[in-house]
Amino acid sequence: MNNPASPSIDTHSTTPASSSASTTQLLNLPPTISRSNLTFQTQTPTRHSNHIDRIINSNYSRSPSRTIYSDRFIPSRSASNFALFDISPTKKPSPGTDDAAPNMYATLLKTALFGPDSPVVPPVTPDKHVGLDGKRLSVTPPTRNIFRYKSETKQSMHSLSPFGFDDALPGIVQSPVKTPRKVAKSPYKVLDAPALQDDFYLNLVDWSSLNVLAVGLGNCVYLWNASSSKVTKLCDLGSEGSDDSVCSVSWAQRGTHLAVGTSNGKLQLWDASRCKRVRTMEGHRLRVGALAWSSTLLSTCSRDKTILHRDIRAQEDFVSKLTGHKSEVCGLKWSYDNRELASGGNDNKLFVWNQHSTHPVLKYTEHTAAVKAISWSPHVHGLVASGGGTADRCIRFWNTTTNAHLSCVDTGSQVCNLAWSKNVNEIVSTHGYSQNQIIVWRYPTMSKLATLTGHSFRVLYLAVSPDGQTIVTGAGDETLRFWNVFPSLKYQNTDSELGATSRGRTVIR
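Residues numbered from 1 in each chain as written. Predicted model: local features only at pLDDT ≥ 70, side-chain atom pairs only at ≥ 80, totals over all residues. Heavy atoms only, no water.

1. With respect to the packing of aromatic side chains
Within the structure shown, the criterion is met by nine aromatic pairs. On the numbers, 4.2 Å between centres and 25 degrees between planes, the contact of Y364 with W398 is stacked. Residue Y364 is located in strand β19 (residues 362–364), and its partner W398 is located in strand β22 (residues 394–399); the two are separated by 34 residues in the primary sequence. Accessibility expressed as a relative area gives 5% for Y364, which makes it buried. Ring centres 5.1 Å apart and planes at 75 degrees place the aromatic pair W420 and Y443 in the edge-to-face group. Highlighted residues: W420 in strand β24 (residues 415–420) and Y443 in the loop between β26 (438–442) and β27 (447–452), separated in sequence by 23 residues. (Phe/Tyr/Trp six-rings, centres within 6.5 Å; stacked < 30°, edge-to-face > 60°. Helix = DSSP H or I, 4+ residues; strand = E, 2+ residues; numbered from the N terminus. Buried < 20%, exposed > 50% of the residue type's maximum accessible area, 1.4 Å probe, protein only.)

This is the structure we're talking about:
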């Protein structure tokens, strides 16, 4: 190797120098290289050469301190603490030792995840089933996965506690499981209401803040005191030889004033406490089908396609006229903050107006039938629900703040009325063709809490009691039915079914 021109071949083998001569005889060298100048050098084995030798040589011994993985990624759970799940025997600490608290926590956690009597064995992920030395490695097959769905775990979906098992755990107070609220399937009271009209476009029932129900029957308006069951005849529009009839009734938000809309386009204002008419206002040419109060402002809508704002303190019959609908306006509701007015018409449109606009600021045209059912949410600002007639059958929810169509539910039948509960986030709807049912919905999931039946005609009229717990429904079958559908503000779940039996049948006049 002293000649720089002489090639040198380095190997990592440990062959003795005496074998170099025989090796050179086997080499096929070019004629320019002399065999006498060709020598072999040996090197002392290094760590790198040992690693290559172990790869080539199948008889190497595995390192006890290092795990060799294959080309597939198989997670190693060798560092997992399976003692947490009682997989390996652990020493049970005696009371009063320092290890008592961690082991108690481990026991509670295991019980919460897998149940009180659930032996759990972890899945074993072997490093390699067969070693590089050809020997079979001993692997214990898993008998059960750690995170496996257990049909025997009894945990209530309604409970917020993770320890929802039947067997009580020591030192843990279990929270009570809340069962679904029950709604009585039968009305607790039924009133006969002769001559209650079967007309989709009228609004003949309203419940005052003083717990008095007003009902329009033919030419007359009757008052029924819900506290004493006393019936009072308020007025008779045909007493003076007129052919006028009642088309709508609506109580002022506070006090004893009742507004009555007539078929001749007039509006009468009555003081119910004295059974005296206070004022008669004109402005509409055709029937007044819906009324809506906003403090001292009374809004009326008519078959003449207009909406009139009336200030009962002013001398004029109306202070402004709203135009936009192309057909009869049959639905009218002010929002709870008295800032927005929603109107629905027989032109299948839902319009939203502000306090000062004479033209709609928002227009919704998704309904395919008349929009009579309208209700504002008392829980969410700007949330309004609307319902369509026979050709539509849908309840739609709108956010007037963002001008967004939130959701739509097909009820399967004509939507006649909507009313939100002021105590809970639920809404009730009444229906006509073809099922004549009453449905209580949870919002926003719109899951049915109860479906109530009993009316044989379309449920055209709906009013809510001042405490927000009871609704009254009216239909062309000339009956008024009272249902307990909503809980009180201090609702506590009980198993009793209030109003499950009827308390008798009474005639309202």
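2. Quick word on the nonpolar core
Generally speaking, soluble globular proteins have nonpolar side chains that are buried together. L213, L258, L480 and F482 are the most contacted members of the largest nonpolar core, which totals 39 residues. When residues of this core are traced back to their parent elements, those giving at least two are β4 (205–207), β5 (212–217), β6 (220–225), β7 (231–236), β8 (246–251), β9 (257–262), β28 (459–464) and β30 (479–484). If sequence neighbours within four positions are ignored, L258 has contacts with A214, V221, L223, L234, V249, S250, W251, Q268, L269 and W270. (Core = buried A, V, L, I, M, F, W, Y, C linked by side-chain atoms within 4.5 Å. Contact = heavy atoms within 4.5 Å.)

3. Remarks on the environment of G324
Its location among the elements puts G324 in the loop between β15 (320–322) and β16 (329–334). Assessed through its relative accessible area of 28%, G324 is described here as partly exposed. Taking the C-alpha atoms as reference points, G324 and T306, 18 residues apart in sequence, are found 7.6 Å from one another. Excluding residues within four positions of it along the chain, G324 makes contact with F351 and W353.

4. Side note on the pattern of salt bridges
Going through the model one piece at a time under the given rule, you end up with nine salt bridges. For the salt bridge of R303 with E328, the shortest nitrogen-to-oxygen distance reads 3.8 Å. Pair noted here: R303 is in the loop between β13 (297–302) and β14 (307–311) and E328 is in the loop between β15 and β16, with a separation of 25 residues, a long-range link. One salt-bridge network, in which partners are shared between bridges, spans D199, R287, R303 and E328. (Salt bridge = Lys/Arg side-chain N within 4 Å of Asp/Glu carboxyl O.)

Everything listed here is a matter of coordinates, which is why it stays silent on function.
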